[in-house]
Amino acid sequence: TGPMSSECLGNLLCITLNAEYFEDKYLSFSVVDQYGIAWELDEDMASQCGYTVTYSNWSKIEFRASALSCHSRLGEDMFIITVEIKASHSADMKNATTHLKSASCSYSPWSPRELVCGSNYMEVSVRREVPQTVKDFIQDEPEDWNLVFPEAKAGEASIWQIVFHQPEEKTALLVSDAWSAGYGLNITDTRVVLRIPYSAAQIQLVKDHGITFSTVRSSTFYKQQWMILMVDTAVACPVDGVDYTNKTIIWTVPKYIQPDSAGETSFKDVLVEAGVDLHKLSAKEMASRKYVLLNDLNAIAMRIPIGAEGGYYKTSVSSGQHGTKYAINLFLEHQWEDNKWGLTKYIIIKEIETPFEQVELAITNNSNLSLRLMNVTVGTFLPDVKLVNLTFEGVTVAIPQAVQHGYLTYEIRYTNGSKDYIIQVPLDAPSIKKEYMGADVRAYTLNVTLAFIIRPTSETFTVPVITVSAAKDAVLPSARGFCDGRNLHLIITHGNVDQNWLPFISGRRLTPESVKKYNYSLKDNGTHLAISVPFLSSHVNYEDFHASGIKASLHLTLKDGITLANRREFSVSCTFSPSQLIQCLPNGTVVITAVKLVGDADLDTSLFVLRDRRCKPSLVTEKTATFKINVNTCGTSRKFNSTTMTYENDVLYFRPGNDTPVYRLKFVCWYAIKQALDVQYESKKSPLPSIKPGFGSLTLSLKLFKEKSYTEPYRELEYPVVKYLREALYFEVELLQPKDVRLELNLDDCWATNSQSQDSLPQWPILING
């Protein structure tokens, strides 16, 4: 219980940190010596002094210390170690919490020689011979020793020199130099200890039975009273020897390898035991886990099924891809007797990882369209994975800030330690792409990249998540059309799918430039798009022509702004008075416009002529030809009767080589003759005017206000205005022309019509009898 627990495992002390206290925190480890001084560990000091910090089994953190470590306090068959651990939420270790743990372990008996192959160092400790001096033996003078061995010092026993035996030379290092080179040297009352990091310069790689060993052959000299004593401190540890076959780990360790067995001539196995995480396993326990321990004449081998109990899967990354490795911390103890050392205890701690295996992650779309919520589950992950940030639309945000963008993340943990992540985001979030699919369906696309970090290696990987959900919530734009005496109008009510749709007329996109060029009107207030096109326009289709009227239509297409695919089509058709095509001016000038019908698509309007074929149009568009002539020219005929004078002509179209016209448009102008005109005049000295009935043209303005205070009229962009039956309307009528201060405006009857013609039907009365 508590933040730490300790366990004695042979000549090692193991302190395990509780993940509940230390998960996701930065840690520093220090060892407290007998004087209360805390020595902070780094990798070099740990391997030199016999300490190991391992992160295994996802969040499991272990601190291991050798009984003969630099700062252990040795007693009779016992060693005591005190560890100080600081934990902080920041890398600079600010506001760190300090935890102190002191533990003691009994260890007995010591073998004459003990070899340890740890994960970060090799250690050899041998029994120190303590020769007895003859009673009353008179020592030589110290000066004599100093002449032969200047390094020897008087007083207490101490290691003073180590010699490394290499094929090409021997290297001797004083104690201080050996410590500077990273070696750990120590002497107790009964033992001499040499600790060698795997990165040491004097290490040699040697093959034995096809397996590579990291070896050091060395002799350590120490002074005991007035004698120089030497012990063999050679050690060899396997570097490889692991194979993977048929989903099985095979770890092989040869017996009696050089230099561990140098000078030995007889061997006898005393003990071969193995286990996991420094815990020995019985034969029954191994069989239950399907482990196999083989001990033959030349080698010891362990067979472990990949995925077996005792190991664990860990997350890994290769070339940016997410995957796993199976890891297991094996332990082997081999004891043998020989003619040189008597009993040797050989312990190997082997951390094994299987090769990387890519794992496909499942991305499940559980979106709830009724709640308008996208919900995606990504997994399954091992416990050593943590989601750290999201990237969408090129923006990367940390998980705590993602909620500000509408993204909620949840971690779902399962009983076996694995977990899934759930990403939730509203359909209407700005980063969700919305696309109209047809009918009443819209597609919502979530495109987000999840970034994860692996503990404790700090490796990172990303998982792109692209999911599409379809909802029947599309609201298409709708339109209503109408005409006045001169224009065709379309008012389009926006839906929720046409934000990027573009208006086209006759295959041409309506832009501010084209609108200005053709004298159109195009207004968009965010909810409505209003388009007005003159009756005589290049983009109006003329479908039929009778004396009673001309049927004209305007076709508008909304196209996708990216693909330009047709999305929606609207049209308005109206019948216009033929008088729109002709102007009979009082000075005898006639302006006539001929229109090309839809069925006459192959006609070239520039080739329209009058009866006198030399008379050609003065203005030509794709669908119209306009002539401006005097009634006495271009073959115009004239007729008289008692009241009118009539002028007639035809607009004609001839195909090449054919004198029969394929198009004929007759136009007529009537002028009244013997007409009596009322001429109004007044004398300069006329009396004050009196009020008399009469007729004339007035310029009026009509405005609709929002309420009876008449303070805020409806703006042009707000039309059309929707009102309900029996709802009061507030109009203001103003006389603009003529500006005669003597005039007063009184309203008698006012009504509304569908067009600018006051005689058109139906009519809606606004004011009756004043």
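For the structure, see preceding data.
Source: prediction; values computed, not measured.

Asks: Got a minute to help me understand the environment of Ser69 in this structure?
Replies: Within the element layout of this structure, Ser69 appears in the loop between β6 (60-66) and β7 (73-75). As for Ser69 and Val463, which are separated by 394 residues in sequence, their C-alpha atoms are 45 Å apart.

Asks: What exactly am I supposed to notice about the side chain of Ser537 here?
Replies: For Ser537, the location among the structural elements is in the loop between β45 (528-534) and β46 (541-546). Other than its neighbours up to four places away in sequence, Ser537 contacts Tyr520 and Tyr542.

Asks: How should I be thinking about the environment of Asn329 in this particular structure?
Replies: Relative to the assigned elements, Asn329 resides in strand β28 (residues 321-338). The spacing of Asn329 and Ser119 is 210 residues in sequence and 9.8 Å in space, taken between C-alpha atoms. Ignoring sequence-local partners within four residues, the contact set of Asn329 consists of Arg64, Gly275, Val276, Asp277, Ile349, Lys350 and Glu351.

Asks: For this particular structure, what's the right way to read the packing of aromatic side chains?
Replies: The tally for this structure, following the rule as stated, stands at 25 aromatic pairs. The interplanar angle of 55 degrees and the centroid separation of 5.8 Å between the aromatic rings of Tyr421 and Phe452 together place this pair among those described as tilted. In this pair, Tyr421 sits in strand β36 (residues 419-426) while Phe452 sits in strand β38 (residues 441-454), placing the two residues 31 residues apart along the sequence. Note on Tyr421: relative accessible area 5%, which makes it buried. Seen in terms of ring centroids, Tyr647 and Tyr671 are 5.8 Å apart; in terms of plane orientation they differ by 85 degrees. Their pairing is edge-to-face. Of this pair, Tyr647 sits in strand β54 (residues 644-653) while Tyr671 is found in strand β55 (residues 663-672), placing the two residues 24 residues apart along the sequence. Here Tyr647 and Tyr671 have matching classes, each one buried. Ring-pair connections join several aromatic residues into one group, and the members of that group are Tyr256, Phe267, Trp336 and Tyr346. The positively charged end of Arg195 is found above the aromatic ring belonging to Tyr121, 5.8 Å away from the centroid.

Procedures and definitions
- Residues numbered from 1 in each chain as written.
- Predicted model: local features only at pLDDT ≥ 70, side-chain atom pairs only at ≥ 80, totals over all residues.
- Heavy atoms only, no water.
- Helix = DSSP H or I, 4+ residues; strand = E, 2+ residues; numbered from the N terminus.
- Contact = heavy atoms within 4.5 Å.
- Phe/Tyr/Trp six-rings, centres within 6.5 Å; stacked < 30°, edge-to-face > 60°.
- Buried < 20%, exposed > 50% of the residue type's maximum accessible area, 1.4 Å probe, protein only.
- Lys NZ or Arg CZ within 6 Å of the ring centre and 35° of its normal.

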